[in-house]
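So you can see what is in the structure, the chains are spelled out below.
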Amino acid sequence: MAPHDAAGAAGDEVARGPRLAVDVGTVRVGLAASDPDGTIATPVETLARDMRRRPGRLPKDVARIVREARERCAECVYVGLPRHLSGAESASSQAARAYADSLAQAVAPVPVRLVDERMSTVSAHQALQAAGRSGRRHREVVDQAAAVVILQYALDAERATGRRPGERVDVDPSSEPAREGTAGDQTDDGGATRR
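Residues numbered from 1 in each chain as written. Predicted model: local features only at pLDDT ≥ 70, side-chain atom pairs only at ≥ 80, totals over all residues. Heavy atoms only, no water.

## Focus on the overall build of the protein
Scanning the protein from N- to C-terminus turns up 4 helices and 7 strands. Start at the N end of the protein and walk to the C end: the helices and strands fall as β-β-β-β-α-β-α-β-α-α-β. Here the protein, with 195 residues, has 46% of them falling under the buried criterion. Entry remark: accessible area of the protein is about 9,400 Å², with carbon and sulfur atoms responsible for 53%. (Helix = DSSP H or I, 4+ residues; strand = E, 2+ residues; numbered from the N terminus. Buried < 20%, exposed > 50% of the residue type's maximum accessible area, 1.4 Å probe, protein only. Areas by Shrake-Rupley, 256 points an atom, 1.4 Å probe, with all protein chains shown as cover.)

Written as structure tokens, this is what we have:
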């Protein structure tokens, strides 16, 4: 599966419904959500990255995002794509792309889109400082705050253009879904997913 620039492609029109955003880190994943009208982004939670490789099973963090998307009836999931200030991609960009590929396969048919997240973590730290959070406590919530920045950027872009921003991540129809991605399956943390 490879993401591609889908500007002007069918299916990029904005439909009413909640959106999610994911800030992918090496240790933690931040999750944010919007209201159904796509007006404002709010933090949801910070998830620990589950780096274990288990054939046929989703990592716990991905399974949790899938459940959140199903429970909220999400219309779209945005994943932050880190880039250098020059716009060039890095190893972090490739890691985010791989995460988005895995998530897109698990959350289908909900579309997943990669959006530029340059400066989202810096903006999140600044917002937390302005809110009076001490630097030591930033680590607990900065990933959520970065996801909020990513999602608010996407919501603002939707309003300005009437289309979903970023690159659509294609789903490989021949790929076998992981067990957590099917109706009623148990996840490693005891929750059930739904389609």
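## Focus: the nonpolar core
Membership of the largest hydrophobic core comes to 28 residues, with the highest contact counts inside it found for Val22, Ile65, Val79, Leu103 and Val112. In terms of residue count, the dominant contributor to this core is helix α2 (residues 91–107) (7 residues). Look past the residues within four positions of Ile65 in its chain and what remains in contact with it is Leu20, Val22, Val29, Leu31, Leu47, Tyr99 and Leu103. If you look at the next biggest cluster of nonpolar residues, it comprises 12 residues, including Ala32, Ala41, Ile150 and Ala154. (Core = buried A, V, L, I, M, F, W, Y, C linked by side-chain atoms within 4.5 Å. Contact = heavy atoms within 4.5 Å.)

## Points about the pattern of salt bridges
What the rule picks out here adds up to 18 salt bridges. Measuring nitrogen to oxygen at the nearest pair gives 2.7 Å for the salt bridge that ties Arg16 to Asp37. With Arg16 in the loop between β1 (3–5) and β2 (19–24) and Asp37 in the loop between β3 (28–34) and β4 (41–48), this residue pair connects regions lying 21 residues apart in the sequence. Judged by relative accessible area, which is 60%, Arg16 ranks as exposed. (Salt bridge = Lys/Arg side-chain N within 4 Å of Asp/Glu carboxyl O.)

## Concerning helix α1 (residues 60–72)
Counted at 1.5 Å a residue, the expected span for α1 with its 13 residues is 18 Å, and the 18 Å between its end C-alpha atoms agrees. Most of α1 sits inside the fold, with 10 of its 13 residues counted as buried. Among all positions in α1, only Asp61, Val62, Ala63, Arg64, Ile65, Val66, Arg67, Glu68, Ala69 and Arg70 are buried. Among the structural elements, β2, β3, β4 and α2 are those in contact with the buried residues of α1. Cys73 sits one or two residues past α1 and shows a positive phi near 55 degrees. (Expected span 1.5 Å × (residues − 1).)

## Thoughts on the environment of Arg163
Looking at the element boundaries, Arg163 is found in the loop between α4 (135–161) and β7 (167–169). Residues Arg163 and Glu13, 150 residues apart in the sequence, show an inter-C-alpha distance of 4.7 Å.

## Remarks on the confidence of the model for the protein
In this model, the protein carries a mean pLDDT of 80, and residues with pLDDT of at least 70 account for 72%. Taken element by element, the protein is modelled with least confidence in β1, mean pLDDT 42, and with most confidence in α1, mean pLDDT 97. Scored below 50 in pLDDT, residues 1–8 makes 24 contacts in the model with residues more than four places away or belonging to other chains. Across residues 181–195, confidence stays below pLDDT 50; counting only partners more than four residues off in sequence or on other chains, it has 45 contacts. (pLDDT = per-residue confidence, 0-100.)

## Concerning the pairing of β2
For β2, the buried fraction is high: 6 of the 6 residues fall into the buried class. Alternating positions in β2 separate into two faces, Arg19, Ala21 and Asp23 on one and Leu20, Val22 and Val24 on the other, with burial throughout. Pairing analysis gives 4 bridges linking β2 to strand β5 (residues 76–81), with the strands arranged parallel. Looking at the pairing, Val22 lines up with Val79 of β5. With 5 bridges connecting them, β2 and β3 associate as antiparallel partners. Considered in β3, the bridge of Val22 is made with Leu31. (Pairing = 2+ DSSP bridges.)

## Brief notes about the environment of Val149
Residue placement: Val149 occurs in helix α4. By relative accessible area, Val149 is classed as partly exposed at 27%. Along the backbone, Val149 and Ala41 are 108 residues apart, and their C-alpha atoms lie at a distance of 7.8 Å.

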